[in-house]
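In case you want the letters, here they are:
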Number of protein chains: 4
Amino acid sequence: MEISQQTINQLGDNSLYTALGIQIEKAADGKASARLKPASEVCWPFVGQPHGGILFTLMDTTMAWAVLSQLGSGHNCTTISLNIHYTQPAKGNVFFCSAWVTHRTARSSFLRADIHDEEGRLLAMGQATFRIIPADFL
Amino acid sequence: MEISQQTINQLGDNSLYTALGIQIEKAADGKASARLKPASEVCWPFVGQPHGGILFTLMDTTMAWAVLSQLGSGHNCTTISLNIHYTQPAKGNVFFCSAWVTHRTARSSFLRADIHDEEGRLLAMGQATFRIIPADFL
Amino acid sequence: MEISQQTINQLGDNSLYTALGIQIEKAADGKASARLKPASEVCWPFVGQPHGGILFTLMDTTMAWAVLSQLGSGHNCTTISLNIHYTQPAKGNVFFCSAWVTHRTARSSFLRADIHDEEGRLLAMGQATFRIIPADFL
Amino acid sequence: MEISQQTINQLGDNSLYTALGIQIEKAADGKASARLKPASEVCWPFVGQPHGGILFTLMDTTMAWAVLSQLGSGHNCTTISLNIHYTQPAKGNVFFCSAWVTHRTARSSFLRADIHDEEGRLLAMGQATFRIIPADFL
C-alpha cells in the first residue's frame with residue numbers, strides 16, 4: 001500500500017513538522033523517507049547542528065509513516081521503544097531519514113531507520129518497536 | 001559539583017528550550033531535573049500530548065545536564081546512544097524528567113532517566129551512554 | 001504475589017541455569033533477584049570473566065521472573081526488546097542481578113535490571129519490554 | 001582485512017562456543033557471520049528453542065568478530081551497549097547471524113546484526129556500540 005501524496009501533504013502540514021523542519025517524502029509498503037531542514041531554533045547547543053532530540057523526532061516520525069503505510073483505515077500506531085545511536089556529528093543544512101519495517105505481527109511492527117547527511121554519511125541508526133492501535137490516523 | 005542557578009538560567013534561555021517548552025530545574029552531583037510545558041506546536045498528532053520525540057528531547061537534555069554537573073570547565077558531552085521506552089500516553093500540561101549518572105569513566109558517562117506526569121505516573125524510561133569531549137559548554 | 005521457594009527450586013533446577021551457573025533467589029510482587037556463579041566454560045575470552053552474553057542471560061532471566069511474579073497461572077512471558085549497557089568489566093566469582101517491573105499493562109511489562117559484583121559495583125544496566133502470553137510457565 | 005580461517009578455527013574452538021553451540025564462519029572487512037546449533041542444555045524453557053540470552057550471545061559474538069576484522073594486532077574490543085529486539089520465536093535446529101560495522105571511529109565501532117532461521121525468517125535484530133581497547137585478542 002502506498003500513502004497518497006495528497007494525504008502526505010495534508011497530514012505533513014502540521015505544527016510539529018513546521019516547527020522542527022520535517023518533511024515526509026514517501027511512505028509505501030512498509031518503507032518511508034523524510035527530510036529535515038532544521039529550523040534555526042532547534043540547532044542548539046551547537047550552531048548549525050540540530051539537537052539530537054530533533055534527529056530522534058525525525059527518525060521516530062519516519063518510522064511511524066513506514067508503519068502506517070501497511071495499515072488500513074481505522075488503525076494508527078504508537079512507539080513502544082526506540083534505540084538510537086549517534087555515529088557522527090550532524091553538520092549540514094538537510095538530513096535524510098529512511099525507515100523500514102523489518103517484521104510485523106498483528107499488533108506490533110519492528111523497524112529500523114538511518115539518518116544520513118547530504119554526502120551520504122551515516123549520522124544515526126535506530127531500531128524500534130511500535131504498537132498498532134485501533135484509531136484513525138486521519 | 002552543582003551548576004549554579006545563574007548558569008542554568010543563562011544557558012536554559014535558548015531557542016531550543018523555548019521552542020519546545022523545556023526548563024532545567026537543577027543539576028548537581030550527577031543528577032538533574034527538568035520540566036516540559038509543551039508548546040502547543042509540538043503536541044501532534046494527539047491534541048494535548050507532546051510528540052514522543054519531544055519527550056525524548058527532554059530526556060536527552062536532562063541527561064546532558066546530569067553529565068555536565070560532574071565535569072569541570074573545558075569539557076562538554078555528546079550522546080552516543082539512548083534507549084527509550086514509552087510506558088503510557090503522555091497526557092497533561094507539564095511533565096517532569098529526572099536523570100542520574102549510574103557510572104562514569106574518564107571518557108564516558110552512563111545514565112538513566114524517567115519522565116513522570118503530575119500524578120507521578122511513569123511515562124517513559126531511558127538509559128544512555130554519553131561521551132565526554134574536550135569543549136566548553138559555556 | 002510471591003513465587004514459592006518450592007516453585008523456584010523446581011523450575012530453577014534446569015539445564016540452562018546449570019550450564020551457565022544461574023540461581024534464582026526470589027521473585028515477588030514484580031521484583032526478582034538472582035545470582036550467577038559462572039561456570040568456567042562460559043568465562044571466555046577473558047579468564048575469570050563471564051562473557052557479556054552470559055550476563056545478559058542472567059539479566060533477561062531475572063527480568064522474566066519479575067514479570068512472572070505478577071502473573072496468574074496460565075500466563076507466561078517473552079522478551080520483546082532488551083537494551084543492555086556494560087559499565088565495567090565483570091571480575092569476580094559471583095554476580096548479582098536485581099530486576100523490577102516499572103510499568104505493566106494487560107499485555108506487556110516494562111522492566112529495569114542491574115547487575116552488581118560482590119563489592120556492589122554496577123557492571124551492567126538494562127531495560128526491557130516483555131510480552132505477556134497465554135501459556136503455562138509451570 | 002580478513003581474519004584467516006586458521007585463526008577462526010583456533011579461537012573458535014573454545015569452551016564458551018562449544019558449550020552453547022556457536023561456530024564462527026567468516027570475518028572480513030567489518031562483516032562477520034556465525035551459526036548456532038544450540039546445545040540441548042541451552043534450549044530452555046521452550047523445548048527446541050534456544051534461550052533468548054543464547055541468541056544474544058551469538059549476536060554479541062558475531063559483532064565482536066566483525067569489529068576485530070578491522071583491527072590490527074594489539075587491539076581488542078568490548079561491548080558498551082547492545083539493543084536486541086526479538087521478532088519471532090526461534091524454532092529450528094540452526095540459526096544464522098550476520099553482523100556488520102556501520103561506522104567506525106578511532107575508539108569505537110557501531111554495528112548492526114540480524115539472526116535468521118533456516119527459512120530466512122528474521123528472529124532478532126540488534127545494534128550496538130563497541131569500544132576498541134589496547135589488548136591482544138590472540
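Every chain begins its residue count from 1, and numbering advances along the sequence as written. By the order in which they are written, chains take letters starting at A while ligands take numbers starting at 1. Selection of residues for local features in this predicted model requires a pLDDT of at least 70, selection of side-chain atom pairs for listing and counting requires 80 or more, and totals for whole chains, interfaces and linings are taken over all residues. The basis for the side-chain values is all heavy atoms of the structure; hydrogens and waters are excluded.

(A) Structural context of the sheet that holds strand 1 (residues 22-28) of chain D. Sheet architecture is open: twelve strands sit in the order 1(C)-2(C)-4(C)-5(C)-6(C)-3(C)-3(D)-6(D)-5(D)-4(D)-2(D)-1(D), paired in antiparallel fashion. The open sheet terminates on both sides in strands that have one partner only, identified here as strand 1 (22-28) of chain C together with strand 1 of chain D. For this sheet, the mean angle separating the axes of adjacent strands, direction not counted, is 20 degrees. A strand pair is defined by DSSP finding two or more bridges across the two strands. Put simply, DSSP H or I for four residues or longer makes a helix, DSSP E for two residues or longer makes a strand, and each gets a number counted from the N terminus. Of the pairings in the sheet, the one linking strand 4 (residues 95-104) of chain D to strand 5 (residues 108-116) of chain D comprises eight bridges and is antiparallel in character. In the strand pairing of strand 5 of chain D, F96(D) is matched with H116(D). Docked against the sheet, helix 3 (residues 52-68) of chain C engages strand 1, strand 2 (31-36), strand 3 (75-86), strand 4 (95-104), strand 5 (108-116) and strand 6 (122-134) of chain C together with strand 3 (75-86) of chain D, running at close to 140 degrees with respect to strand 3 of chain C. The axes used here are C-alpha line fits, helices contributing only the stretch in contact, and every angle between their N-to-C directions lies in the interval 0 to 180 degrees. Here, residues are in contact when the closest pair of their heavy atoms is within 4.5 Å.

(B) Focus on the environment of A27(D). Residues and elements named next belong to chain D. Assignment of secondary structure puts A27 in strand 1. Three labels apply to residues, based on accessible area from a 1.4 Å probe with only protein chains included: buried if under 20% of the type maximum, exposed if over 50%, partly exposed otherwise in between. We classify A27 as buried; its relative accessible area is 0%. Between the C-alpha atom of A27 and that of M1, which follows or precedes it by 26 residues, the distance is 8.6 Å. A27 has contacts with M1, E2, I3, I8, A32, W65 and S69, leaving out every residue within four places of it along the chain.

(C) Seen up close, the relation of the copies chain B and chain A. Once chain B has been moved 0.0 Å along the axis and rotated by 180 degrees, it coincides with chain A to within an RMSD of 0.0 Å. The superposition operator between the copies reduces to a two-fold rotation axis. In terms of proximity to the rotation axis, the leading residue of chain B is N83(B), whose C-alpha is 2.1 Å off the axis. Interface overlap between copies is the fraction of interface residues in one copy that are interface residues in the other; for chain B against chain A it reaches 100%, indicating a shared surface. Here the copies are superposed with least squares, the fitted atoms being C-alpha atoms of residues at a pLDDT of at least 70 in both.

(D) Region of the structure containing the interface of chain D and chain B. Taken together, the contact between chain D and chain B spans eight residues of the former and eight residues of the latter. Here chain D and chain B share an interface that buries about 550 Å² over both sides, 41% of which is from carbon and sulfur atoms. A carboxyl oxygen of Asp or Glu within 4 Å of a side-chain nitrogen of Lys or Arg is what we treat as a salt bridge. Counting every contact that joins chain D to chain B gives zero salt bridges. We call two N or O atoms a polar contact when they sit within 3.5 Å, provided that within protein one can donate a hydrogen and the other can accept it, with sequence-adjacent residues counted only if both atoms are side-chain atoms. Here chain D is connected to chain B by two residue pairs in polar contact (both at pLDDT 80 or more). When contributions to the side of chain D that touches chain B are tallied by element, the ones reaching two or more residues are strand 3, strand 5 and strand 6 (122-134) of chain D. Take the side of chain D that touches chain B: its biggest share by element is three residues, from strand 3 of chain D. What gets called buried area is simply the loss in accessible area from a 1.4 Å probe that two parts show on being joined, summed for both.

(E) Main features of the packing of aromatic side chains. Planes of paired rings set the category: under 30 degrees apart is stacked, over 60 is edge-to-face and the rest tilted, where pairs are Phe, Tyr or Trp rings (Trp by its six-membered ring) whose centres lie within 6.5 Å. All told, the structure shown has six aromatic pairs over all chains when counted by the stated rule. Each ring, one from W44(A) and one from Y17(B), has its centre 5.0 Å from the other, and the planes form 65 degrees; the classification is edge-to-face. Residue W44(A) is found in the loop between strand 2 (31-36) and helix 3 (52-68), and its partner Y17(B) is found in helix 2 (residues 15-20); the two belong to separate chains. Neither residue differs from the other here; W44(A) and Y17(B) are each classed as buried.

(F) Expanded view of unusual backbone geometry. Residue and element names in this part refer to chain A. Cis geometry marks the peptide bond from W44 to P45; its omega dihedral reads 5 degrees. Its location among the elements puts P45 in the loop between strand 2 and helix 3. Phi at D29 is positive, roughly 55 degrees, even though this residue is not glycine. Tracing the backbone shows D29 in the loop between strand 1 (22-28) and strand 2.

(G) Broad picture of the state of the cysteines. Put simply, a disulfide is two cysteine sulfurs that come within 2.5 Å. Within this structure, the stated rule accounts for zero disulfides over all chains. With no disulfide of its own, C77(C) lies closest to C97(C) among cysteine sulfurs, the gap being 14 Å. As a non-bridged cysteine, C43(D) has C97(D) as the owner of its nearest cysteine sulfur, 17 Å distant.

(H) Just the side chain of T87(A), in detail. For T87(A), the position within the fold is in the loop between strand 3 (75-86) and strand 4 (95-104). Take T87(A): its relative accessible area is 8%, and that puts it in the buried class. Not counting chain neighbours up to four residues away, the residues in contact with T87(A) comprise L122(A), L123(A), A124(A), H103(D), T105(D) and F110(D).

(I) Region of interest: the side chain of S69(A). Residues and elements named next belong to chain A. For S69, the position within the fold is in the loop between helix 3 and strand 3. Here D29 takes part through its backbone nitrogen, which lies 3.5 Å from a polar atom of the side chain of S69. Only 2.8 Å separates the side chain of S69 from the backbone nitrogen of G30, close enough to count as a polar contact. Sequence-distant contacts of S69, defined by excluding residues within four places in its chain, comprise M1, I3, A27, A28, D29, G30 and K31.

(J) Looking closely at the pairing of strand 5 of chain C. All names here are of chain C. Burial of strand 5 is extensive: eight of the nine residues sit out of reach of the surface. Hairpin geometry of strand 4 and strand 5 is characterised by an intervening segment of three residues between the two adjacent antiparallel strands. By the bridge criterion, nine bridges tie strand 5 to strand 6 in an arrangement that is antiparallel. The residue of strand 6 that forms the bridge with I115 is A124.

(K) Quick look at the sheet that holds strand 2 (residues 31-36) of chain B. Sheet architecture is open: twelve strands sit in the order 1(A)-2(A)-4(A)-5(A)-6(A)-3(A)-3(B)-6(B)-5(B)-4(B)-2(B)-1(B), paired in antiparallel fashion. Only two strands of the sheet have a single partner each, and these edge strands are strand 1 of chain A together with strand 1 (22-28) of chain B. Adjacent strand axes in the sheet meet at a mean angle of 20 degrees when their direction is disregarded. Pairing of strand 1 of chain B with strand 2 of chain B, which is carried by six bridges, proceeds in the antiparallel orientation. Looking at strand 2 of chain B, one finds that I24(B) is bridged to A34(B).

(L) Main features of the environment of I8(C). Residues and elements named next belong to chain C. Inspection of the secondary structure assignment puts I8 in helix 1 (residues 5-12). In sequence terms I8 and T79 are 71 residues apart; their C-alpha atoms lie 20 Å from each other. Residues within four places of I8 in sequence aside, it is in contact with I3, D13, I24, E25, K26, A27 and W65.

Nothing here speaks to function; it is geometry throughout.
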